[in-house]
Amino acid sequence: ETAVFQTPNYHVTQVGNEVSFNCKQTLGHDTMYWYKQDSKKLLKIMFSYNNKQLIVNETVPRRFSPQSSDKAHLNLRIKSVEPEDSAVYLCASSPGTYNQAPLFGEGTRLSVL
Amino acid sequence: GDKVKQSPSALSLQEGTNSALRCNFSIAATTVQWFLQNPRGSLMNLFYLVPGTKENGRLKSAFDSKESYSTLHIRDAQLEDSGTYFCAADASSGSWQLIFGSGTQLTVMP
């Protein structure tokens, strides 16, 4: 099956902890992304990774960092979570260069207590 | 203000009826995409558009870059069309950033 796979589906943690979310795509796509969807369903791009080039949205706090071992994997680490990090994190991938009809994973819902 | 403004924010439709969703852009979008997020949270790409129109089954979308808007028409609405529809535009030509609208929550009733 070819798709974008995210783990875990849900994660509950406390303020100050470190969390890590995994994303793998089996589509052979060249570009991967992380999006954040807040409680009002607003979607915002966080990172884009293409051909070992990482592009960071300047509004993303430094406690967030993407990690990639190859073009099929793009994980997301949050060093010390804050309450405002509670959201759904969506991973996506697209063929070729940026944003051509990205395919999304099912998302990871993070709750920070 | 909003760079990608969607309307309406919510909509209820009777099964079998037609409707149109709209996005207005205050940026010079070169491409537009429409997505459907189902109640489980999965986000599915419906259309990827350069200026012009595309049709897929009961869905039809148009993008007018000169007038800075895009529409999504739903014909003969079905229960499974329920969900949140998002439009997204590239921030500038060849940009890595997609800017999403705030969504239209569609409920199709039997």
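Heads up: the structure comes first, above all this text.
Cut-offs used in this document
Residue positions are given per chain, counting from 1 as you read along its sequence in written order. The lettering of chains begins at A and the numbering of ligands begins at 1, in the order of writing. Thresholds applied to this predicted model are a pLDDT of at least 70 for local features of residues and 80 or more for the giving and counting of side-chain atom pairs; totals over whole chains, interfaces and linings are not thresholded and use all residues. The side-chain values count all of the structure's non-hydrogen atoms but skip hydrogen atoms and water molecules. Counting from the N terminus, the helices are the DSSP runs of H or I reaching at least four residues and the strands are the DSSP runs of E reaching at least two. Under the scheme applied here, a residue whose accessible area is under 20% of the maximum for its type counts as buried, over 50% as exposed, and between as partly exposed, the area being computed with a 1.4 Å probe on protein chains only. Here a polar contact is recorded for every N or O atom pair within 3.5 Å, except that within protein the pair must consist of a potential hydrogen donor and a potential acceptor, and residues adjacent in sequence are included only if both atoms are side-chain atoms. Here, two residues are considered to be in contact whenever any of their heavy atoms come within 4.5 Å of each other. By disulfide we mean two sulfur atoms from cysteines, separated by a distance within 2.5 Å. Only when DSSP finds a minimum of two bridges between them are two strands counted as paired. Where helices are involved, their axes are fitted lines through C-alpha atoms of the stretch in contact, as for all axes, and angles between N-to-C directions lie from 0 to 180°. For Phe, Tyr and Trp, where Trp contributes only its six-membered ring, two rings pair if their centres lie within 6.5 Å, and the inter-plane angle classes them as stacked under 30 degrees, edge-to-face over 60, or tilted in between.

Student: Got a minute to help me understand the side chain of threonine 13 of chain A in this structure?
Tutor: All names here are of chain A. Here threonine 13 is to be found in strand β2 (residues 10-13). Using a relative accessible area of 7% as the deciding quantity, one classes threonine 13 as buried. Of the polar contacts made by the side chain of threonine 13, one reaches the side chain of asparagine 17; its length is 2.9 Å. Once residues within four sequence positions are removed from consideration, threonine 13 is found in contact with Val19, Val81, Leu110, Ser111, Val112 and Leu113.

Student: Please clarify how the state of the cysteines should be interpreted in this entry.
Tutor: A covalent bond between the sulfur atoms of two cysteines is referred to as a disulfide. This model, assessed by the stated rule, comprises two disulfides over all chains. The side chain of cysteine 23 of chain A participates in a disulfide bridge whose partner is cysteine 91 of chain A; the two sulfur atoms lie 1.9 Å from each other. Taking the sign of the S-S torsion, about -80 degrees here, the bridge from cysteine 23 of chain A to cysteine 91 of chain A comes out left-handed. Of the two residues, cysteine 23 of chain A is situated in strand β3 (residues 19-25) and cysteine 91 of chain A in strand β9 (residues 87-94); the sequence distance between them amounts to 68 residues. The burial state of cysteine 23 of chain A is the same as that of cysteine 91 of chain A; both residues are buried. In this model, cysteine 23 of chain B is linked to cysteine 87 of chain B through a disulfide, with the two sulfur atoms separated by 1.7 Å. Taking the sign of the torsion about the S-S bond as the criterion, the disulfide between cysteine 23 of chain B and cysteine 87 of chain B, at about -90 degrees, is left-handed. Here cysteine 23 of chain B is found in strand β3 (residues 19-25), whereas its partner cysteine 87 of chain B is found in strand β9 (residues 83-90), with 64 residues between them in sequence.

Student: Sorry, what's going on with the environment of aspartate 30 of chain A here?
Tutor: Residue and element names in this part refer to chain A. Note that aspartate 30 resides in the loop between β3 and β4 (31-37). Linking aspartate 30 and phenylalanine 5, residues 25 residues apart in sequence, is a C-alpha distance of 16 Å. Polar side-chain contacts of aspartate 30 include one of 2.9 Å to the side chain of lysine 71.

Student: I'm lost on the sheet that holds strand β1 (residues 4-7) of chain A in this one. Help?
Tutor: In a beta sheet, neighbouring strands pair by backbone hydrogen bonds and run either parallel or antiparallel. Residues and elements named next belong to chain A. Spatially, four strands are ordered β1-β3-β8-β7 in an open sheet, and the strand pairing comes out antiparallel. The open sheet terminates on both sides in strands that have one partner only, identified here as β1 and β7 (64-67). Taking each pair of neighbouring strands and ignoring which way they run, the sheet shows an average axis angle of 20 degrees. For β3 and strand β8 (residues 75-78), the ladder comprises three bridges, and the chain directions are antiparallel. Bridge assignment links valine 19 to a residue of β8, and that residue is isoleucine 78.

Student: Mind showing me how you'd approach the packing of aromatic side chains here?
Tutor: The geometry of an aromatic ring pair comes down to the distance between the two centres and the angle between the two planes. What the rule picks out here adds up to nine aromatic pairs over all chains. For the ring pair phenylalanine 104 of chain A and phenylalanine 35 of chain B, a centre distance of 5.6 Å and an interplane angle of 90 degrees mean the geometry is edge-to-face. In this pair, phenylalanine 104 of chain A sits in strand β10 (residues 103-104) while phenylalanine 35 of chain B sits in strand β4 (residues 32-37), so the two residues belong to two different chains. Summarising the burial analysis for this pair, phenylalanine 104 of chain A and phenylalanine 35 of chain B share the class buried. Between phenylalanine 35 of chain B and phenylalanine 100 of chain B, the aromatic rings sit 5.4 Å apart at their centres with planes inclined by 35 degrees, giving tilted as the arrangement. Of the two residues, phenylalanine 35 of chain B sits in strand β4 while phenylalanine 100 of chain B sits in strand β10 (residues 98-100), which places them 65 residues apart along the sequence. Just as phenylalanine 35 of chain B is buried, phenylalanine 100 of chain B falls in that class too.

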